[in-house]
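The chain contents come next:
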Amino acid sequence: MNLLSERRALADELGSKGVRMTAQRRALIEVIQEAREHLDAGSLLSLARKREPNIDRATVYRTIELLKKF
């Protein structure tokens, strides 16, 4: 499975579990999955804003908490 299909697989899995997949959440998932090193919330926010400029810090923390549940 390549990186693109892994990203889609995670996003699809979350969607199939009833999680609303917004553009912001997709951007965050992509950044996390492409990371080569640990990202803190600030770094994640900064990188995700390059894809979706309207992401705010609260969205980052809510998405991290959501991903921890899966």
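Please read these numbers as outputs of a predicted model, since none were measured by experiment.

Trainee: I'd love a proper account of helix H3 (residues 41-49), names of residues and values included.
Mentor: Turning to H3, its buried residues number three or more, namely Ala41, Leu44, Leu45 and Ala48. One side of H3 carries all its buried residues, which in axial view fall inside an arc of 100°. Elements in contact with the buried residues of H3: helix H2 (23-34) and helix H4 (57-68).

Trainee: A description of the side chain of threonine 59 should follow, citing residues and the corresponding values.
Mentor: Mapped onto the fold, threonine 59 is located in helix H4. Given the relative accessible area of 15%, threonine 59 is considered buried. A polar side-chain atom of threonine 59 sits 2.7 Å from a polar atom in the side chain of aspartate 56. The contacts of threonine 59, once residues within four sequence positions are left out, are Gln24 and Leu28.

Trainee: Give a description of the packing of H2 against H3 that names residues and reports values.
Mentor: The N-to-C vectors of H2 and H3 enclose an angle of 115°; their axes lie 9 Å apart at closest approach. Relative to H3, H2 is oriented roughly perpendicular. By crossing handedness, the relation of H2 to H3 is classed as right-handed. For the pair H2 and H3, contact is made by Ala27, Leu28, Val31 and Ile32 and by Leu44, Leu47 and Ala48, respectively.

Procedures and definitions
Residues numbered from 1 in each chain as written. Predicted model: local features only at pLDDT ≥ 70, side-chain atom pairs only at ≥ 80, totals over all residues. Heavy atoms only, no water. Buried < 20%, exposed > 50% of the residue type's maximum accessible area, 1.4 Å probe, protein only. Helix = DSSP H or I, 4+ residues; strand = E, 2+ residues; numbered from the N terminus. Arc of directions from axis to C-beta. Contact = heavy atoms within 4.5 Å. Polar contact = N/O pair within 3.5 Å; in protein donor to acceptor, adjacent residues only side chain to side chain. Axes fitted to C-alpha atoms, helices over the stretch in contact; angles between N-to-C directions. Parallel < 35°, antiparallel > 145°, perpendicular 65-115°, else oblique. Left-handed = near helix turned anticlockwise from the far one by under 90°.

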